[in-house]
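A closer look at the structure
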Amino acid sequence: MTDSPSKRLFILDGMALAYRAHFAFFSNPIRNSKGVNTSAVYGFANTLLGILEHERPTHIAACFDTSAPTARHKLYPAYKANREAMNIPILRYEGYEADDTIGTLARIADGTEGFQTYMVSQDKDLGQLISSTCFLWKPGKRGNDHEVIDLAKLKEQWGIERADPVSYTHLTLPTKRI
């Protein structure tokens, strides 16, 4: 990792972070004054605020899935059947999942001078995009600190010598997001 990158891009897997936060508080949900379960919002906001405060990104975006079917849904119809605030762009493209958008943005930024990119997700599939300037930023569990997976940790923890972004071959995202 470079000591002082001029640009730090954080791309959040919004759906995965909200889903994870909801279930982190499943046995003891956080509720507002009207009794509405706000665990997902609370957990997502805590992760986001922690990143803003401690990581100091120069660029940030949150990516979300849409209800429109993707290529994965066409192959397997039951795929994921159960599953813009603060001036942060929200990126959603019909026909693409959040990880597709994250992968594409990470690939574009990885080829751009001066950027370090952090894919904020627990999704191990994004590990294939790890490079000398692109990292997987995994939120902590049960009060533990986050973990940054770089090329060295990819090899050490997963036994992978190098990452080859096979399935994220740089999608062409539509210019209109929803």
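Described in the following lines is the structure provided in the data block.

A separate point is the pattern of salt bridges. When the charged atoms of two side chains lie near each other, side chains of opposite charge can form a pair. Counting across every chain of the model gives two salt bridges. Among the salt bridges present, the one from glutamate 55 reaches arginine 8, with a minimum N-O distance of 2.8 Å. Of this pair, glutamate 55 sits in helix H2 (residues 39-55) while arginine 8 sits in strand E1 (residues 7-13), placing them 47 residues apart in sequence. In this structure, glutamate 55 and arginine 8 share a single accessibility class: buried. Two residues, lysine 153 and glutamate 147, come together in a salt bridge whose shortest N-O distance is 4.0 Å. The class for lysine 153 is partly exposed, based on a relative accessible area of 30%. Overall, glutamate 147 belongs to the partly exposed group, its relative accessible area being 23%.

Turning next to the packing of aromatic side chains. Using the criterion set out here, one finds seven aromatic pairs in the structure. Each residue in the set Phe10, Tyr118, Phe135 and Trp137 is aromatic and connected to the rest through ring pairs, giving one cluster.

It is worth spelling out the pairing of strand E2 (residues 59-63) at this point. Summarising burial for E2: four of the five residues are buried, a large majority. Looking at chain direction, E1 and E2 are connected through five bridges and run parallel. Looking at the pairing, aspartate 13 lines up with cysteine 63 of E2. For E2 and strand E3 (residues 90-91), the ladder comprises two bridges, and the chain directions are parallel. Each residue of the ladder has a partner; that of alanine 62, found in E3, is isoleucine 90.

Moving on to the sheet that holds E3. Reading across from one edge, E3-E2-E1-E4-E5-E6 is the order of the six strands in this open sheet, with mixed pairing throughout. For this open sheet the edge positions go to E3 and strand E6 (147-149), each flanked by a neighbour on one side alone. Alignment of E1 against strand E4 (residues 115-120), held across six bridges, turns out to be parallel. By the bridge assignment for E4, lysine 7 is matched with phenylalanine 115. Where H2 meets the sheet, it contacts E1, E2, E4 and strand E5 (134-138), and its direction lies at approximately 175° from that of E1. Relative to the sheet, helix H4 (residues 98-110) contacts E1, E2, E3, E4 and E5, its axis offset from that of E1 by approximately 170°.

In this section: the environment of leucine 105. Positionally, leucine 105 belongs in helix H4. Overall, leucine 105 belongs to the partly exposed group, its relative accessible area being 23%. The spatial distance from the C-alpha of leucine 105 to the C-alpha of threonine 117 is 9.0 Å, given a sequence separation of 12 residues. Residues within four places of leucine 105 in sequence aside, it is in contact with Ile11, Cys63 and Leu91.

Attention now moves to the side chain of lysine 138. Inspection of the secondary structure puts lysine 138 in strand E5. Buried within the structure, lysine 138 lacks any salt-bridge partner; glutamate 147 is the closest side chain of opposite charge, at an N-O distance of 4.2 Å. Ignoring anything within four residues of it in the chain, the contact list for lysine 138 reads Ser121, Gln122, His146, Glu147 and Ile149.

Turning to the pairing of E5, a few remarks are in order. Among the five residues of E5, five are classified as buried, and the element is accordingly described as predominantly covered. Because side chains alternate across E5, one face comprises the buried residues Cys134, Leu136 and Lys138, and the other comprises Phe135 and Trp137, equally buried. Two elements, E4 and E5, share four bridges in a ladder whose sense is parallel. Along E5, the bridge assignment pairs threonine 117 with cysteine 134. As defined by bridge partners, E5 adjoins E6 across three bridges and the pair is classed as antiparallel.

What counts as what
- Residues numbered from 1 in each chain as written.
- Predicted model: local features only at pLDDT ≥ 70, side-chain atom pairs only at ≥ 80, totals over all residues.
- Heavy atoms only, no water.
- Salt bridge = Lys/Arg side-chain N within 4 Å of Asp/Glu carboxyl O.
- Helix = DSSP H or I, 4+ residues; strand = E, 2+ residues; numbered from the N terminus.
- Buried < 20%, exposed > 50% of the residue type's maximum accessible area, 1.4 Å probe, protein only.
- Phe/Tyr/Trp six-rings, centres within 6.5 Å; stacked < 30°, edge-to-face > 60°.
- Pairing = 2+ DSSP bridges.
- Contact = heavy atoms within 4.5 Å.
- Axes fitted to C-alpha atoms, helices over the stretch in contact; angles between N-to-C directions.
- Lys, Arg positive; Asp, Glu negative; His and termini not counted.

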